[in-house]
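Residue-level structure breakdown
Here is how the chains run, residue by residue.
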Amino acid sequence: MAAQKSAVREIAAAITASDQLAADAELARLRAEVASYRKRYTAALAQIDRERERADALASLQGVKSVRRPASKATRGKRHAASVVLMLSDIHCEERVDPATVNGENDYSLDVCEARLAELERRFFEMLEHERQIADIRRVVVWIGGDLITGHIHPDCVEVAQLSPPNATRWIAERMRGLIDAVAERADSVIVCTNAGNHGRSTEKNRIATELDHSWEQLMYHTLAREERNANVEWQIATGHLGYIDLDGFTLRTTHGHSIRYAGGVYGLALPASKAIAAWDAHRRADLTVFGHYHTWGWLRGGRYVSNGSVIGHSAYAVRIKATPERPCQGLVVIDHGRNEVTKAYPIFCDSDLRKAKR
């Protein structure tokens, strides 16, 4: 009898403990649920406060009127005088580029050259009008920097040339004459400054002291200058490897660029161009040096130079030397005379024929 009573007490105790555990578990669940609701409630109150602040901020803006402060008399309508430099070089007008020789990256002929020059002229005048919105630009410098023709300096040049050197010179001279006339109509003053390239020579090897005496391009420059009919156009033909133009105290140095010994590598043109400029500055300092030859557009403000692109674009020679294909372009430079420095330099692309071909 006693054993039975003990068993009953143990069963009762087990039931009581089980009920207590269940009750404790339920209580813990309820507490967690209450805590979760409390967090949501707190977050909801915070969101309500933020929305109320936002509504108050929006309400405070109602009825706000615009206030326009007139420009001061000292600055109203006053713009710095500036000069624009149009960079023209490395056209290689008569050279034929067969697309098959450049993996389809380019197609160049006399007709394509004509079209690209027309596009370049149109884009330049658009950019000129754009720059005149923020600067007083009355003078345009047209730099004709050489390699307008490819010439017959190597046997392979002869094979890809569509015209002989005299005929190619006459062909490009007619286009330069038309461009200069168009610029003269849109500017108060035009300075045409020139350099002869390394391709436009009549000798197999390049000369040094007598380089210009054997240049088809130099002959073209003198002929165009002699026949100039625009009263506002002044020609400054370089009589040596370097040319210097004084633009209201800003000295512009020009050269075709074939004496800059590009050695390749990670520094590109920056290092050899900077070394060349430092050497030239030892004799006569210039504020800016412009050059072409490498068919690579670039501006190094600290190095004070702008390198020009090309109209011909990628060629079989560029493929052979492993040059990166560059789109045909020329350069535009803005010289602010109030600051006496270059404030802008950028490429003017003339590659619409290539972009259409890619579509």
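Residues numbered from 1 in each chain as written. Predicted model: local features only at pLDDT ≥ 70, side-chain atom pairs only at ≥ 80, totals over all residues. Heavy atoms only, no water.

**Examining the sheet that holds strand 5 (residues 243-247)**
Spelled out, the test is: Pairing between strands is defined by DSSP: at least two bridges between them are needed. Only runs of H or I of at least four residues qualify as helices and only runs of E of at least two qualify as strands under DSSP, and these elements are numbered from the N terminus. Axis angles are defined between N-to-C directions and span 0 to 180 degrees, where every axis is a line fitted to C-alpha atoms and, for a helix, only to the segment in contact.
One open sheet holds the five strands; their spatial order is 5-6-7-9-8, and the pairing between them is mixed. Here the strands that pair on one side only, and so sit at the sheet edges, are strand 5 and strand 8 (298-300). In this sheet, neighbouring strand axes are inclined to one another by 20° on average, regardless of whether the strands run parallel or antiparallel. Relative to strand 7 (residues 288-291), strand 6 (residues 250-254) runs parallel, the two being bridged by three bridges.

**Some details on the side chain of Ser89**
What counts here: We call a residue buried when its accessible area falls under 20% of the maximum for its residue type, exposed when it is over 50%, and partly exposed in between, using a 1.4 Å probe and counting protein chains only. For the purposes of these results, a polar contact is taken to be a pair of N or O atoms within 3.5 Å, where, inside protein, one atom must be able to donate a hydrogen and its partner to accept one; residues adjacent in sequence count only when each atom of the pair is a side-chain atom. Contact definition: two residues touch when any of their heavy atoms are within 4.5 Å.
Its place among the elements puts Ser89 in the loop between strand 1 (81-88) and helix 2 (110-131). When its relative accessible area of 0% is taken as the criterion, Ser89 is described as buried. A polar contact of 2.7 Å, which involves the side chain of Ser89, links it to the side chain of Asp90. In contact with Ser89, other than residues within four places in its own chain, are Trp143, Gly145, Gly146, Gly292, Asn308, Gly309, Ser310, Val311 and Gln330.

**Overview of the packing of helix 2 against helix 4 (residues 165-185)**
Selection rule: Any angle between 65 and 115 degrees counts as roughly perpendicular, while under 35 counts as roughly parallel, over 145 as roughly antiparallel, and the rest as oblique. Take the far helix as your reference; a near helix turned counterclockwise from it by less than a right angle gives a left-handed crossing, and one turned clockwise gives a right-handed crossing.
Interaxial distance between helix 2 and helix 4 falls to 11 Å at its minimum, and their mutual angle equals 15°. The angle between helix 2 and helix 4 falls in the class roughly parallel. The handedness of the crossing between helix 2 and helix 4 comes out as right-handed. Between helix 2 and helix 4, the contacting residues are Leu110, Cys113, Glu114, Leu117, Glu121, Phe124 and Phe125 on the first element and Trp171, Ile172, Arg175, Leu179, Ala182 and Val183 on the second.

**Considerations on the sheet that holds strand 11 (residues 341-349)**
Backbone hydrogen bonds are what pair the strands of a sheet, in a parallel or an antiparallel way. Spatially, the six strands line up as an open sheet ordered 4-3-2-1-10-11, and their pairing is mixed. With one partner strand each, in any of the chains shown, strand 4 (233-237) and strand 11 form the two edges of the open sheet. Neighbour-to-neighbour, the strand axes of this sheet turn through a mean angle of 20°, independent of strand direction. Here five bridges tie strand 3 (residues 189-194) to strand 4, and the two strands are oriented parallel to one another. In the strand pairing of strand 4, Val190 is matched with Val233. Where helix 4 meets the sheet, its contacts fall on strand 1, strand 2 (136-144), strand 3 and strand 4, and the angle it forms with strand 2 comes to roughly 170°.

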